[in-house]
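Secondary and tertiary structure notes
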Amino acid sequence: QVQLVESGGGLVQAGGSLRLSCAASGRTFSIYAMGWFRQAPGKEREFVAAIRWSATNTYYADFVKGRFTISRDNAKNMVYLQMNSLKPEDTAVYYCAADLSPSRLTTNDVAYDYWGQGTQVTVSS
């Protein structure tokens, strides 16, 4: 079992920044990769970014490249999503997720085994 808890969401004006955090606990040694996803009202959940738990590989959705950065701190069992130049269309509930299966980084949410409860990000225009 892996438990995930997100924090850091909030209300920010367009052009602003937020840093989301995801605290992992439990069998963290079994994690292969961590991902961030988001879901806006009335829309399907979509991939944002992913990072290998024990390597430097990262992968980003095209719509966040150059604006968002995913990082991790294994000593603290934390994953972060630094979000800059936020846009109103970034408004969504953001979720972190853990993938336990050794494979390449994936954007497919079905591949992720554990999920946090989500944190709301609202970007005003």
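Each remark here, short or long, concerns the structure printed above.
What comes next concerns the included structure. Everything quoted here is computed from the prediction, not taken from an experiment.

This model, assessed by the stated rule, comprises one disulfide. Paired through a disulfide, Cys22 and Cys96 show a sulfur-sulfur distance of 2.0 Å. Around the S-S axis, the bridge from Cys22 to Cys96 shows a dihedral of about 55 degrees and counts as right-handed. Of the two residues, Cys22 sits in strand β3 (residues 18-26) while Cys96 sits in strand β9 (residues 92-99), which places them 74 residues apart along the sequence. Across the pair, exposure class does not vary: Cys22 and Cys96 are buried alike.

Phi is positive for Asn77, which is not a glycine, with a value near 55 degrees. The topology assignment puts Asn77 in the loop between β7 (68-73) and β8 (78-83). Of note in the backbone geometry, Ser85 takes a positive phi value of approximately 50 degrees without being a glycine. Note that Ser85 resides in the loop between β8 and β9.

When a protein is soluble and globular, its nonpolar side chains tend to lie buried together. Of all hydrophobic cores here, the largest spans 38 residues; its most connected members are Met34, Trp36, Leu81, Met83 and Tyr94. Counting only elements with at least two residues in this core, the list comes to β1 (2-7), β3, β4 (33-39), β5 (46-52), β7, β8, β9 and β11 (119-124). Each residue touching Leu81, except ones within four places of it in the same chain, is listed here: Leu18, Arg19, Leu20, Trp36, Val48, Ala49, Phe68, Thr69, Ile70 and Tyr94.

For the rest of this paragraph, the subject is the side chain of Ser21. Along the chain, Ser21 turns up in strand β3. A relative accessible area of 12% means that Ser21 is categorised as buried. With residues near it in sequence (within four places) discarded, Ser21 still touches Val5, Glu6, Ser7, Trp36, Met78, Val79 and Tyr80.

Cut-offs used in this document
- Residues numbered from 1 in each chain as written.
- Predicted model: local features only at pLDDT ≥ 70, side-chain atom pairs only at ≥ 80, totals over all residues.
- Heavy atoms only, no water.
- Disulfide = S-S within 2.5 Å.
- Helix = DSSP H or I, 4+ residues; strand = E, 2+ residues; numbered from the N terminus.
- Buried < 20%, exposed > 50% of the residue type's maximum accessible area, 1.4 Å probe, protein only.
- Core = buried A, V, L, I, M, F, W, Y, C linked by side-chain atoms within 4.5 Å.
- Contact = heavy atoms within 4.5 Å.

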